[in-house]
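# Secondary and tertiary structure notes
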Protein chains: 2
Amino acid sequence: MSENELNAEHKIIEAAAAVFVEKGYEGARMQQIADKAGINKALLHYYYRSKDLLFEKAFLTVASSIFSKFFDAFNTEGSIFEKIENFLTLHQDLLFKHRKYPVFFFNEITRKPELIKKLISRLDVSEKFEKLSQQFEQEKRDGIIRSDIEVPHLMVNIVSLSVFPYIGRPIIQEIMSEFDVSYEKFLDERRSMIAQFVINSIKA
Amino acid sequence: MSENELNAEHKIIEAAAAVFVEKGYEGARMQQIADKAGINKALLHYYYRSKDLLFEKAFLTVASSIFSKFFDAFNTEGSIFEKIENFLTLHQDLLFKHRKYPVFFFNEITRKPELIKKLISRLDVSEKFEKLSQQFEQEKRDGIIRSDIEVPHLMVNIVSLSVFPYIGRPIIQEIMSEFDVSYEKFLDERRSMIAQFVINSIKA
DNA sequence: ATACAATTTAACCAACTGGTCAAAAGTATA
DNA sequence: TATACTTTTGACCAGTTGGTTAAATTGTAT
């Protein structure tokens, strides 16, 4: 088996992920997934039994791969400000590469919240967040960031600012186009702006 | 016709909006909408021809009602900081009341971006944003907010911070539950935190 | 070459979906 | 009350959907 001639099992997951992200669970069709994978529809059921199980497998595969990268960004050398910048660079790169993923992801976990428990138990989220949280608390004690900063809020703020322009893209882009602002340029500006905005608001 | 005995046309829109928000366009069933409205399925088509047209009518009705309120918050007396606080209070009240709306809204406009043009032309968005933008620029010239603040980014930042905890609720809530943080409390804390966070980062 | 298991397919199916239609029920007008 | 209209309904339909099955094909070990 060569590297680009994947086996059916793997081809199916790739095709399923692409179709599910594009159309959502309800809008996706098993036939379309089979076509994209270049196989017969019955083979989908041979390997993954049902649409539900195929979705879960594809969802968890892609989500695990993406989320595990997020934590890596904080396991780098440097100050807390540099780490925030590292995370945002990685986050923005991934968002740029997978523009449709955020809306898909948040829609599906809202439709079926059990997915989150399965995703979290795959990655070692608790432990990683614990470390991250302690790091922020240390920076507070060291007087590097403001002592009234609540760490959970700060983390949510950083992700919010980074991901929302991709979730709300159609409406923000349309409004901005009326003011002749290019959305590509807008997104690019945000790369440095967000870090600046966050750091401004937390530095002691 | 009494006030709570609505006519069929109106009952249908209310039922449609509820089912569409709950299940999304693809997941919603005409039969379920008819049941919720307490009428026959054929009557849906009698009034609104097709699922597509019914969806568009229900979507635009609800979205227009919500969005028009947003602009009101900025047409109040007081400093720019008070206006930001006003907007965030209203925004958070609406989000609390319609928790499932954001994910529905952003999913549907991603699926069908034409909806945005129709929504924007209904409200007088261009004019309202122009006014709002000029107001921010004036505050910059008056030295009340930092002169390097880009207004479009600031507006997106404010909305991002406010709405994201409702979009990402399932995953944030699950992670926080592992650290014994109540999500209700977390959302409540954000009401004052967001305004503080934004003002910290823009005040001159 | 043969037997056996794993993979892949074409054909099929029952359930469901959005949508139609002709008839019935209701309502106003003369 | 007879007439013309709008509103509401039950029954129905064609197309689509996820899923099944038995047979064919391929791979593999003996």
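My aim in this report is to walk through the structure given alongside it, one point at a time. (Residues numbered from 1 in each chain as written. Chains lettered and ligands numbered in written order. Predicted model: local features only at pLDDT ≥ 70, side-chain atom pairs only at ≥ 80, totals over all residues. Heavy atoms only, no water.)

### Remarks on the protein's contact with DNA strand D
Keep this limit in mind: The rule for a residue being near a molecule or strand is that one of its heavy atoms must lie within 4 Å of it. N or O atoms within 3.5 Å of each other form a polar contact, as long as, within protein, one can give a hydrogen and the other can take it, and as long as residues adjacent in sequence are counted only when both atoms are side-chain atoms. Where helices and strands are cited, they refer to DSSP runs of H or I of at least four residues and of E of at least two residues respectively, numbered from the N terminus. Residues are grouped as follows: Ala, Val, Leu, Ile, Met, Phe, Trp, Tyr, Cys and Pro are nonpolar; Asp, Glu, Lys and Arg are charged; all remaining types, including Gly, are polar.
The full set close to DNA strand D counts 15 residues, and Arg-29, Lys-41 and Lys-51 of chain A together with Tyr-46 and Tyr-47 of chain B are the nearest of them. The sugar and phosphate moieties of DNA strand D supply 54% of its atoms located within 4 Å of the protein. Side-chain polar atom of Arg-29 of chain A to a phosphate oxygen of DNA strand D: 2.6 Å apart, as the coordinates give it. Residue Met-30 of chain A places a main-chain N or O atom 3.2 Å away from a phosphate oxygen belonging to DNA strand D. Mapped onto the surface near DNA strand D, the elements with two or more residues apiece are helix H3 (41-48) of chain A together with helix H3 (41-48) of chain B. Sorting elements by how many residues they give to the surface near DNA strand D places H3 of chain B first, with 4 residues. Grouping the amino acids of the surface near DNA strand D by side-chain chemistry returns 9 nonpolar, 3 polar and 3 charged.

### Things to note about the interface of chain B and chain A
One widely used convention gives an interface's size as the accessible area the parts lose upon coming together. Selection rule: Contacts are residue-level and defined by heavy atoms, with any inter-residue pair within 4.5 Å sufficient. What gets called buried area is simply the loss in accessible area from a 1.4 Å probe that two parts show on being joined, summed for both. Put simply, a salt bridge is a Lys or Arg side-chain nitrogen that is within 4 Å of an Asp or Glu carboxyl oxygen.
Across the boundary between the two partners, chain B contributes 48 residues, which contact 48 residues of chain A. Together chain B and chain A conceal approximately 4,500 Å² of surface at their shared face, both sides included; 73% is due to carbon and sulfur atoms. The largest contributions to the chain B side of the interface with chain A come from His-153, Phe-164 and Phe-197 of chain B, which together make up 15% of the buried area. The interface formed by chain B and chain A contains 0 salt bridges. For the pair chain B and chain A, the number of links is 10 residue pairs in polar contact (both at pLDDT 80 or more). Of all the elements in the fold, those that place two or more residues in the side of chain B that touches chain A are helix H1 (8-27), helix H6 (101-111), helix H7 (114-122), helix H8 (125-141), helix H9 (151-167), helix H10 (169-177) and helix H11 (183-202) of chain B. Classifying every residue of the side of chain B that touches chain A gives 29 nonpolar, 10 polar and 9 charged.

### What about H7 of chain B?
Condition: Residue burial is assigned from relative accessible area. The probe radius is 1.4 Å, only protein chains are included, and a residue is buried under 20% of its type maximum, exposed over 50%, and partly exposed in between. It is the directions from the helix axis to the C-beta atoms whose arc is reported.
Among the residues of H7 of chain B, those classed as buried are Leu-115, Ile-116, Leu-119 and Ile-120 of chain B. Down the axis of H7 of chain B, the sector holding all buried residues measures 125°, keeping them to one side. The exposed set on the far side of H7 of chain B, more than 90 degrees from its buried face, consists of Lys-117 and Ser-121 of chain B. In this structure, the buried residues of H7 of chain B make contact with helix H10 (169-177) of chain A together with helix H4 (51-72), H6 and H8 of chain B.

### Points about unusual backbone geometry
All names here are of chain A. The phi dihedral of Arg-49 falls on the positive side, at around 65°, and the residue is not glycine. Take Arg-49: its relative accessible area is 66%, and that puts it in the exposed class. Positioned with a positive phi, Asp-180 is a non-glycine residue whose angle comes to about 55°. Within the fold, Asp-180 resides in the loop between H10 and helix H11 (183-202).

### Description of the relation of the copies chain B and chain A
This is how it is decided: A residue counts toward the fit only if its pLDDT is at least 70 in both copies, and the copies are then superposed by least squares on the C-alpha atoms of those residues.
Screw-axis analysis of chain B against chain A gives a translation of 0.0 Å along the axis, an RMSD of 0.0 Å, and a rotation angle of 180°. Within this description, the copies of the chain are treated as partners about a two-fold rotation axis. Nearest to the rotation axis, the C-alpha of Ser-201 of chain B is located 2.3 Å from it, this being the minimum over chain B. Both copies present the same face, since 100% of the interface residues in chain B are matched by interface residues at the equivalent positions in chain A.

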